[in-house]
Amino acid sequence: MHTKTMEGLIGARTNMEMLNTPFRVYKEARRKGDLAMMERAMGYMGDFHEDAYEYKEEADEGMKKDAEETRKIAEEQREEMIKKRREEREELEKKLEEERKEKNDTDTVEISEDGKVLLKENTSASGTDVDGVDMEAASSAKPKADLEPVIYTSTGEVEAAEPEVKVSVSV
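Let me begin by describing the structure that accompanies this report. What you see is a predicted model; the values in this text were computed from it and never measured.

Analysis parameters
Residues numbered from 1 in each chain as written. Predicted model: local features only at pLDDT ≥ 70, side-chain atom pairs only at ≥ 80, totals over all residues. Heavy atoms only, no water. Helix = DSSP H or I, 4+ residues; strand = E, 2+ residues; numbered from the N terminus. Contact = heavy atoms within 4.5 Å. Areas by Shrake-Rupley, 256 points an atom, 1.4 Å probe, with all protein chains shown as cover. Axes fitted to C-alpha atoms, helices over the stretch in contact; angles between N-to-C directions. Parallel < 35°, antiparallel > 145°, perpendicular 65-115°, else oblique. Nonpolar A, V, L, I, M, F, W, Y, C, P; charged D, E, K, R; others polar. Patch = residues over 30% accessible without salt bridge, like charges linked within 9 Å, V, L, I, M, F, W, Y side chains within 5 Å. Salt bridge = Lys/Arg side-chain N within 4 Å of Asp/Glu carboxyl O. Lys, Arg positive; Asp, Glu negative; His and termini not counted. Charge placed at Lys NZ, Arg CZ, Asp CG, Glu CD. Buried < 20%, exposed > 50% of the residue type's maximum accessible area, 1.4 Å probe, protein only. Left-handed = near helix turned anticlockwise from the far one by under 90°.

**Details of the overall build of the chain**
The secondary structure content of the chain amounts to five helices and two strands. Listing each helix as α and each strand as β along the chain from the N terminus yields α-α-α-α-α-β-β. Of the contacts formed within the chain by residues at least 6 apart in sequence, a portion of 49% connects residues at least 24 apart. For the chain, the accessible surface area stands at approximately 15700 Å², while carbon and sulfur atoms represent 52% of it.

Next up, the structure:
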């Protein structure tokens, strides 16, 4: 709690309690019919009342400062949490990327420039290679439906794919 807030609350409370004394004097003077004493008591009551409102204003200022400080602290905490979450997300993305790299069992084949040159040398001017296969047609052709799918083993040997078996059960 801000110092101004505490001072304001305590001062306002004290002055409001101190109002009771001149008010009792006022009531007693009214019973006796003493107008001068009544006026003095009312003056004291007005002074205490004004002081109480001044302290109330001071407490309000202190509460505004408290609210500003609380907002600043909350904003700093929010920014810190956002920063932590970004770091955690980056770490998680790095871990996931490493896991993907570790789990990547596929091999990639890159043809070197020498290999590309050899391929062009082995391709005849008519677009067919040495074995008579039309290279342009083979590269743009869709897979033929009559070709059986094959599976390659880890040693690189070709195994025939097992035909799909369709089972339907009627109840």
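There is more to say after this.
**Things to note about the packing of helix 1 (residues 3-18) against helix 2 (residues 20-32)**
Between two packed helices, what matters for the description is the angle formed by their axes and the separation of those axes. Axis separation between helix 1 and helix 2 bottoms out at 4 Å; the angle between their running directions is 15°. Relative to helix 2, the element helix 1 is oriented roughly parallel. Mapping the contact onto sequence places M16, E17 and M18 in helix 1 and N20, T21 and P22 in helix 2. Each residue belonging to the contact of helix 1 with helix 2 can be placed in one class, and the counts come to three nonpolar, two polar and one charged.

**Some details on a positive patch on the surface**
Judged by side-chain charge, R24, K27, R30 and R31 come together as a positively charged surface patch. Summarising the element assignment, R24 is placed in helix 2. Owing to a relative accessible area of 54%, R24 belongs among the exposed residues under this scheme.

**Looking at a negative patch on the surface**
On the surface, a cluster of negative charge is made up of E87, E88, E90, E91 and E93. What makes E87 partly exposed here is its relative accessible area of 40%.

**Looking at the packing of helix 1 against helix 3 (residues 35-103)**
With their axes 7 Å apart at the nearest point, helix 1 and helix 3 run at an angle of 160° to one another. Judged on the interaxial angle alone, helix 3 and helix 1 are roughly antiparallel. Where helix 1 crosses over helix 3, the two elements pack in a sense that is left-handed. Across the interface between the two elements, K4, T5, E7, G8, L9, G11, A12, N15, M16 and M18 of helix 1 pack against F48, D51, A52, Y55, K56, E58, A59, E61, G62, M63, K65 and D66 of helix 3. Of the residues that constitute the contact of helix 1 with helix 3, the class distribution is nine nonpolar, five polar and eight charged.

**With respect to the environment of M42**
Relative to the elements of secondary structure, M42 occurs in helix 3. You can call M42 partly exposed: its relative accessible area is 42%. Sequence separation between M42 and F23 is 19 residues, and the spatial gap between their C-alpha atoms is 7.5 Å.

**Description of the environment of V150**
Within the element layout of this structure, V150 appears in strand 1 (residues 150-152). Along the primary structure V150 and A160 are separated by 10 residues, whereas in three dimensions their C-alpha atoms are 4.9 Å apart.

**Notes on the pattern of salt bridges**
A full pass over the atoms with the stated rule returns seven salt bridges. With a shortest N-O distance of 3.2 Å, K4 and E61 are connected by a salt bridge. Remark: E61 occurs in helix 3 and K4 occurs in helix 1; sequence separation between them is 57 residues. Overall, E61 belongs to the partly exposed group, its relative accessible area being 42%. The partner of E113 in a salt bridge is K116, and the shortest N-O contact between them spans 3.8 Å. Taken together, the residues E113 and K116, both in helix 4 (residues 113-122) and three residues apart, mark about one turn of the helix. With relative accessibility at 57%, the residue E113 sits in the exposed group.

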